[in-house]
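What the coordinates show
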Amino acid sequence: MALLVYGANGYTGELVARRAADAGVPIVLAGRNEPAVAALAAELGRDHRGFALDDAAALDRALSGITVVLNCAGPFSRTAAPLVAACLRARAHYLDITGEVAVLEALAGRDAEARAAGITVLPGAGFDVVPSDCLAAHVARRLPGATHLALAFSAGTRMSRGTALTTIENAHRGGLVRRAGQLVRVPSGWRSRRIDFGPELGARTAITIPWGDVATAYHTTGIADIEVYVAVPRAVRAGLRAARVLGPLLASGAVKRLLEARVRRGPAGPTAAERAARASHLWAEARDAAGHVAVARLRTPESYELTSMTALDLAARALRGELPAGFQTPARACGPDYVLQFPGVARQDVASQG
Ligand SMILES: NC(=O)c1ccc[n+]([C@@H]2O[C@H](COP(=O)([O-])OP(=O)(O)OC[C@H]3O[C@@H](n4cnc5c(N)ncnc54)[C@H](OP(=O)(O)O)[C@@H]3O)[C@@H](O)[C@H]2O)c1
């Protein structure tokens, strides 16, 4: 029984690998950059496997003896499909930390195959979407029959290199909301709303963003109208409005390469001290046709820190055979209260109205 962490040499993969080694979880470190993966594996005293994802036979060899794959290599639009296909062949559980809507929906579409193979497919095992998925399930539980769901984040940290590259990869696609159960394209930063994140952070202006919950919260709650917001400073809001005009330009290879080169020159992600000092805040509102409203807030550790905790915990549950087969969201697999077990997580209900 072993957990293979793919992309273990990346910023987030390394956080997960170190946490797993500290916790004594049996892991194998993997990635396409064999020297980097081997160096970390040697330091942690663990085995490693170096392989890229474009050779199905090599992938099959690499997954022999593996019970669970935790994919930390993004953009997941490039890595999820070959790894899930290999997991279906190997009958290994598949988890990842994507927040990409197209990837989440594609994996939801593999539910029947996953059930037939007896494996769990659980994407979104990181900051997006574990806490928000649990909070969505919680407000839906408080207001049965809710028709509308709004979720909001204040991430309270800076992006890792990989998150920035994934954002650039998807920037030209614009925004997304869910309407009557369907994903609907909207412009970047389409709507804004003042969100009260509670006493520590206060009220912030947030704009719609096409994060993973537009996909997953529907599968978790069945609520058909969903908007996801992120709190951003005024300058970023202006930048996003500009991105509406720049959309076609962002899709062009030259502009993308320029932005990617800039990100690659920057730091890998927040430092350990930054991760320890910062916190993230979330907010959720369920609303029904009669105007009843249920609101709740969540405070969590810094988002990359929480990602390493939740991704490892869910992978360890898969390793112990505790997760149901088929496509799963975190709250569907583990319930609305799942996130409350992690240190530094606190939930607060705001009085229901209506
Ligand atoms: N949803 C969430 O809450 C959450 C949280 C954290 C991270 N993420 C996502 O996780 C991903 C990784 O973030 P990060 O900060 O750890 O990035 P990073 O430091 O840039 O690491 C990326 C890792 O993915 C590997 N990789 C990238 N493209 C690949 C491909 N086509 N085939 C095989 N391996 C590939 C890289 O391998 P090389 O070293 O060989 O390039 C590296 O190991 C990003 O997509 C980010 O958005 C999501």
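For the structure itself, consult the block above.
Quick look at the structure, then. Model, not experiment: these values are computed from the prediction.

1. Considering the pattern of salt bridges
Tallied over the full model, the rule gives 22 salt bridges. Taking the shortest distance from any N to any O, the salt bridge between Arg89 and Asp60 comes out at 2.9 Å. Of this pair, Arg89 sits in helix H4 (residues 76–90) while Asp60 sits in helix H3 (residues 56–62), and the two are 29 residues apart along the sequence. Among the ionic contacts, a cluster of salt bridges with common partners joins Arg179, Arg191, Asp225 and Glu227.

2. A word on the environment of Glu285
In this fold, Glu285 is placed in strand S13 (residues 279–287). Sequence separation between Glu285 and Leu135 is 150 residues; the distance between their C-alpha atoms is 9.1 Å. What Glu285 contacts, discounting residues up to four positions off in sequence, is Val139, His148, Leu149, Ala150, Arg193, Val293, Ala294 and Val295.

3. Side note on the sheet that holds strand S4 (residues 68–71)
With respect to topology, 7 strands assemble into an open sheet ordered S3-S2-S1-S4-S5-S6-S15, the strand pairing being parallel. With partners counted over all chains shown, the strands left at the sheet margins are strand S3 (47–50) and strand S15 (326–327), one partner each. Bridging between strand S2 (residues 27–31) and S3 involves 4 bridges; their strand directions are parallel. Among the inter-strand pairings, Leu29 is bridged to a residue of S3, identified as His48.

4. A look at the packing of helix H1 (residues 11–23) against helix H13 (residues 303–319)
Where H1 meets H13, the closest approach of the two axes is 9 Å, and the angle between their N-to-C directions is 55°. Accordingly, the angle class assigned to the pair H1 and H13 is oblique. As for the relative orientation of H1 and H13, their crossing is right-handed in sense. Side by side, H1 and H13 meet where Tyr11, Thr12, Leu15, Val16, Arg19 and Ala20 of the first sit next to Tyr304, Glu305, Thr307, Ser308, Met309 and Leu312 of the second. Broken down by class, the residue content of the contact of H1 with H13 amounts to 7 nonpolar, 3 polar and 2 charged.

5. Describing the packing of helix H8 (residues 161–170) against helix H11 (residues 253–265)
As a packed pair, H8 and H11 sit with axes 10 Å apart at the nearest point and diverge in direction by 175°. One element, H8, and the other, H11, form an angle in the roughly antiparallel class. Contacts between H8 and H11 involve Arg161, Ala164, Leu165, Ile168 and Glu169 on the former and, on the latter, Lys256, Leu259, Glu260, Val263 and Arg264. Here the residues of the contact of H8 with H11 sort into 5 nonpolar, no polar and 5 charged.

6. Concerning the packing of aromatic side chains
For the structure shown, the criterion picks out 5 aromatic pairs. With a centroid separation of 5.4 Å and an interplanar angle of 80°, the aromatic rings of Tyr11 and Tyr304 are classed as edge-to-face. One end of the pair, Tyr11, is in helix H1; the other, Tyr304, is in helix H13, and 293 residues separate them in sequence. An aromatic cluster is built from Phe127, Phe153 and Trp211, whose rings are joined through pairwise contacts.

7. Observations concerning the site of the ligand
The environment of the ligand is made up of 27 residues, and the closest members are Asn9, Tyr11, Asp128, Ser160 and Thr166. Here an oxygen atom of the ligand and a backbone polar atom of Gly10 are 3.4 Å apart. Contact between the ligand and Thr12: an oxygen atom at 2.8 Å from a main-chain N or O atom of the residue. Looking at the shell around the ligand, the elements with two or more residues in it are H1, H4, H8 and H13. Top element by residues in the shell around the ligand is H8. It accounts for 3 residues. Of the residues belonging to the shell around the ligand, the class tally is 10 nonpolar, 15 polar and 2 charged.

Conventions used here
Residues numbered from 1 in each chain as written. Predicted model: local features only at pLDDT ≥ 70, side-chain atom pairs only at ≥ 80, totals over all residues. Heavy atoms only, no water. Salt bridge = Lys/Arg side-chain N within 4 Å of Asp/Glu carboxyl O. Helix = DSSP H or I, 4+ residues; strand = E, 2+ residues; numbered from the N terminus. Contact = heavy atoms within 4.5 Å. Pairing = 2+ DSSP bridges. Axes fitted to C-alpha atoms, helices over the stretch in contact; angles between N-to-C directions. Parallel < 35°, antiparallel > 145°, perpendicular 65-115°, else oblique. Left-handed = near helix turned anticlockwise from the far one by under 90°. Nonpolar A, V, L, I, M, F, W, Y, C, P; charged D, E, K, R; others polar. Phe/Tyr/Trp six-rings, centres within 6.5 Å; stacked < 30°, edge-to-face > 60°. Near = heavy atom within 4 Å. Polar contact = N/O pair within 3.5 Å; in protein donor to acceptor, adjacent residues only side chain to side chain.

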